[in-house]
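Residue-level structure breakdown
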Amino acid sequence: MHKITSHLLAAIVLLTGISVAAAQEVKRGIEQVTGDVYRFQNRFHYAIFVVTDAGIVVTDPINADAVKWLKAELAKRFNKPVTHMILSHHHGDHATGGEEWGSIEVVAHENTKKHVAAGKVQTAMPTTTFADKHTLSVGNKTFELTYLGVGHGDDLIAMVVRPENVAFVVDAVSPKRLPWRDFPNTDIDGMINQIKMIESLEFDVLAPGHSVIGTKKDATDVRVYIEELKAGVKDALAAGKSVEDIIASDLASNYKDWAGYDSLRELNIRGMARWLKESGQAK
Ligand SMILES: [Zn+2]
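Described below are features of the structure shown in this document. (Residues numbered from 1 in each chain as written. Predicted model: local features only at pLDDT ≥ 70, side-chain atom pairs only at ≥ 80, totals over all residues.)

**A few points about the overall build of the protein chain**
Defined as follows: Only runs of H or I of at least four residues qualify as helices and only runs of E of at least two qualify as strands under DSSP, and these elements are numbered from the N terminus. The globule rule used for comparison is 2.2 Å times the number of residues to the exponent 0.38, while the radius of gyration itself is calculated over C-alpha atoms.
Summing up its helical and strand segments, the protein chain has 9 helices and 12 strands in all. For 283 residues, the compact-globule estimate of 2.2 N^0.38 gives 19 Å, and the protein chain sits close to it at 20 Å. Projecting the C-alpha coordinates of the protein chain onto the three principal axes gives extents of approximately 60 × 55 × 35 Å.

Here is the structure:
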């Protein structure tokens, strides 16, 4: 996603005297979410992993280099084998590189397996798939997986880890941040339903694939933002306003304190208008 432009990079190098290699170094890290649940960062992408008494369960690989880094960190910190990988969905910026883990169990939605088999993403082939719900027990932890239906893609799942009650949710909800760009690959009504399903699950902490750690209220807030945006754009189009008029209006201005407001609001409006027209809800 966010890309440092060559101009900006040149400016950083000029201003600081640091090398291009250092400026391009990938921001990675590990933080404890709660209990045995940890969050792994690779630039602007996050995945969680869970240390059970029978091994480590990882989630989205993000990419092959990220897996290599995480593998070395896990070996240093925990001295336990990685036994399972659970994929949130097949999109390349989250699911790439899973084969770097070697021979482990790979759990995913049945559509994820279809997308991997069709070559849409380079990752490990799922070994266990499910349609609606799947519960996996590994050592002293339980992983409750729920298919969220068609919305952001057609294979997105939510995962709740117990006993920590942490939900790992990717792309449908990024707490305190506007949705990504112009809602690519998204049925927006479906995405609203995906978020409602997330809200119906029982959990205390929401660990997302992007943005900050939150709670269930953050899922509700993102859904309300999308619903308000939909209603606002739909009403304006019905009143004969152009997309440029809507961008120039104060629609969504109450979300100024959310991340991405300046860069994503206009794209969110354009994407919403396009989708309303495509789905026959606006002319
Ligand atoms: Zn995605």
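**Focus on unusual backbone geometry**
Cis geometry is found at the peptide bond from R162 to P163, where omega equals 15°. Position of P163 relative to the elements: it lies in the loop between β10 (157-162) and β11 (166-169). Phi is positive for R181, which is not a glycine, with a value near 45°. Assignment of secondary structure puts R181 in the loop between β11 and α6 (188-200).

**Considering the packing of α6 against helix α7 (residues 216-238)**
For any two helices packed against each other, one specifies the crossing angle of their axes together with the interaxial distance. Basically, it comes down to this: Lines fitted to the C-alpha atoms define the axes, with helices restricted to the stretch that makes contact. Angles between their N-to-C directions range from 0 to 180 degrees. An angle below 35 degrees is treated as roughly parallel, one above 145 as roughly antiparallel, one from 65 to 115 as roughly perpendicular, and anything else as oblique. Left-handed is the label given to a crossing in which the near helix is rotated counterclockwise from the far helix by less than a right angle, and right-handed is the label when the rotation is clockwise. A pair of residues counts as a contact when their C-beta atoms, built from backbone coordinates, are separated by no more than 7 Å.
At a minimum axis distance of 9 Å, the contact between α6 and α7 shows a crossing angle of 160°. As summarised for this structure, α6 and α7 are arranged roughly antiparallel, according to the angle between their axes. Remark: the crossing between α6 and α7 carries left-handed chirality. Contact with α6, carried on its side by I188, M191, I192, I195, K196, I198 and E199, involves K216, A219, T220, V222, R223, I226, E227 and K230 of α7 and no other residues of that element.

**Regarding the packing of α7 against helix α9 (residues 261-278)**
The following threshold applies: Three classes are used, and their members are as follows: Ala, Val, Leu, Ile, Met, Phe, Trp, Tyr, Cys and Pro are nonpolar, Asp, Glu, Lys and Arg are charged, and the others, Gly among them, are polar.
Where α7 contacts α9, the axes come no closer than 10 Å and their chain directions differ by 65°. As far as their axial angle goes, α9 and α7 are roughly perpendicular. When the axes of α7 and α9 are compared, the crossing they make is right-handed. On the side of α7, the interface is formed by L229, K230, V233, K234 and L237, while α9 contributes N268, I269, M272, A273 and L276. Class assignment for the residues of the contact of α7 with α9 results in 7 nonpolar, 1 polar and 2 charged.

**Let's talk about the sheet that holds β11**
Rule in force here: By this definition, two strands are paired if DSSP reports at least two bridges between them.
Pairing is mixed across the open sheet formed by 5 strands, whose spatial order is β8-β9-β10-β11-β12. Among the strands making up the open sheet, the edge pair consists of β8 (133-138) and β12 (205-208). Strand after strand, the sheet turns through a mean of 20° between neighbouring axes, direction not considered. In terms of strand pairing, strand β9 (residues 141-147) meets β10 through 6 bridges, oriented antiparallel. Its bridge partner lying in β10, F143 is registered against V161.

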